[in-house]
Amino acid sequence: MKRELTQEELRSINPGEAITLTAVMAILAIAVMAVVVYRMFKSDKGMMKLPGGYQFSWN
């Protein structure tokens, strides 16, 4: 059921909150992946298994 918002309800909407939260979560995910990749490739040997049956190792 749709209804038109009042002027007070329109003024209370803050669209910037969701964008800020999304940006912070994206930066956090990128930082975590950067650390994982860095540690993975700096190690002498290792193996990684990914979903879908993909796997690789280095010695």
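Note that this is a predicted model, so its numbers are computed, not measured.

A. Summary view of the pairing of strand β2 (residues 54-58). Here strand β1 (residues 46-50) runs beside β2; their pairing, made up of five bridges, is antiparallel. Paired with Leu50 across the strands is Tyr54, a residue of β2. Counting the residues between successive antiparallel strands, the hairpin from β1 to β2 contains three residues, one of them, Gly52, with a positive phi of roughly 95°.

B. Examining the confidence of the model for the protein more closely. Summing up the model confidence of the protein, the mean pLDDT is 87 and the portion of residues at 70 or higher is 100%. Here β1 stands out as the element of the protein with the lowest mean pLDDT, 80, in contrast to helix α1 (residues 7-11), whose mean of 93 is the highest.

Criteria and thresholds
Residues numbered from 1 in each chain as written. Predicted model: local features only at pLDDT ≥ 70, side-chain atom pairs only at ≥ 80, totals over all residues. Heavy atoms only, no water. Pairing = 2+ DSSP bridges. Helix = DSSP H or I, 4+ residues; strand = E, 2+ residues; numbered from the N terminus. pLDDT = per-residue confidence, 0-100.

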